[in-house]
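Residue-level listing of the chains:
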Amino acid sequence: MYSGLKKYKPLPFLKAAALLLCGFTLILTPLSALSAQGFRHHDTNAPIDIDADHSEVLYNDNRAIYSGHVRARQADMTITAAYVRIAYTMPKNSKTGEASPQMQRLDASGGVTIQTPDEMAKGEIAIYDVPKRLVTLVGHVEMVRGDSVVHGARLIIDLNTGKGTMDGSLVGSDGSQGKGRVTGHFVVPPSNQDNKKQ
């Protein structure tokens, strides 16, 4: 699974994530509350499997970095990206006394896509806070369900409730505020007149 321990060098996506998360503050406002139904019944207790073209393990830091066509799958939710970094803890089993890794956080960057059987979300950077069951997608976010689509700057999906909140505002480190807006395109059911014609 791992390619072996190598000297760690910051990857481009980690620098980009640091600049984005430190240099900018994204304001979460109730501009668009979405019903992320495809995530509502997601099994957050299922294990997370990751495969990629390359991996590096930082044993002293409890970190692992994956690059190249990365896929992280948990039950019926799949996250794909160019790069993924995971942070984990090593708690000891109360019965055996042996330590085993437990994922705490997953950071993805580079053409991020989050897919369920019913919905798909895209963005530049994704953060999965595993203990809190929160997924945050940042940067030119697009959420698609069937023929309906919503665009914004940031999407937060609460996997506990299946609720998604989209934000279109962006504030720079210099205090300047963007005027981004959340936009949506939704299909509607046919009218009664249309039904009668059929």
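Every chain is numbered on its own, with residues counted from 1 as its sequence reads. Thresholds applied to this predicted model are a pLDDT of at least 70 for local features of residues and 80 or more for the giving and counting of side-chain atom pairs; totals over whole chains, interfaces and linings are not thresholded and use all residues. Side-chain calculation: all heavy atoms of the structure are included, whereas hydrogens and water are not.

Peer 1: In this structure, what is going on with the overall build of the protein chain? I would like to understand it.
Peer 2: Within the protein chain, the secondary structure is distributed over three helices and 13 strands. Partly exposed describes any residue whose relative accessible area lies between the buried limit of under 20% and the exposed limit of over 50%, with all areas from a 1.4 Å probe on protein chains only and scaled to the type maximum. Looking at the protein chain as a whole, 39% of its 198 residues are labelled buried. Accessible surface area values rest on a Shrake-Rupley calculation with a 1.4 Å probe, where residue burial reflects the displayed protein chains alone. Here the protein chain displays about 11700 Å² of accessible surface, and carbon together with sulfur accounts for 52% of that area. Each helix is a run of DSSP H or I of at least 4 residues and each strand a run of E of at least 2, with the numbering of both proceeding from the N terminus.

Peer 1: How do you make sense of the confidence of the model for the protein chain when you look at a structure like this?
Peer 2: For the protein chain, mean pLDDT is 78; residues scoring 70 or higher make up 71% of the total. The pLDDT score gives, residue by residue, the confidence of the prediction method on a 0 to 100 scale. The secondary structure element of the protein chain with the lowest average pLDDT is strand β1 (residues 24-25), at 36, and the one with the highest is strand β5 (residues 63-74), at 97. It only takes one pair of heavy atoms within 4.5 Å for two residues to be counted as in contact. The low-confidence segment residues 1-33, where pLDDT is below 50, has 77 contacts with residues more than four positions distant or belonging to other chains. Low confidence marks residues 171-177, where pLDDT is under 50. Its contacts with residues over four positions away, or in another chain, come to eleven contacts.

Peer 1: Explain the pairing of strand β11 (residues 163-167) here, please?
Peer 2: Within a regular strand, side chains alternate between the sheet's two faces. Most of β11 sits out of view: four of its five residues are buried. Across five bridges, the pairing between strand β10 (residues 148-158) and β11 is antiparallel. Of the residues in β11, the one forming a bridge with Leu155 is Met166. From the end of β10 to the start of β11, which pair antiparallel, there are four residues, and Gly162 there has a positive phi angle of about 75 degrees. Criterion used throughout: strands pair if DSSP finds at least two bridges between them.

Peer 1: In this structure, what is going on with the pattern of salt bridges? I would like to understand it.
Peer 2: Between side chains of opposite charge, a pair can form when the charged atoms approach closely. Each salt bridge in this description consists of a side-chain nitrogen of Lys or Arg and a carboxyl oxygen of Asp or Glu lying within 4 Å of one another. Counted under the stated rule, the structure contains four salt bridges. Here Arg71 makes a salt bridge to Asp51, at a shortest N to O gap of 3.2 Å. With Arg71 in strand β5 and Asp51 in strand β3 (residues 48-51), the pair connects residues that are 20 residues apart, well separated along the chain. Judged by its relative accessible area of 23%, Asp51 is partly exposed. Here Asp51 and Arg73 are joined by a salt bridge, their closest N and O atoms 2.9 Å apart. Taken as a pair, Asp51 in strand β3 and Arg73 in strand β5 lie far apart in primary sequence, 22 residues in all. Linked by salt bridges that have partners in common, Asp51, Arg71 and Arg73 make up one network.

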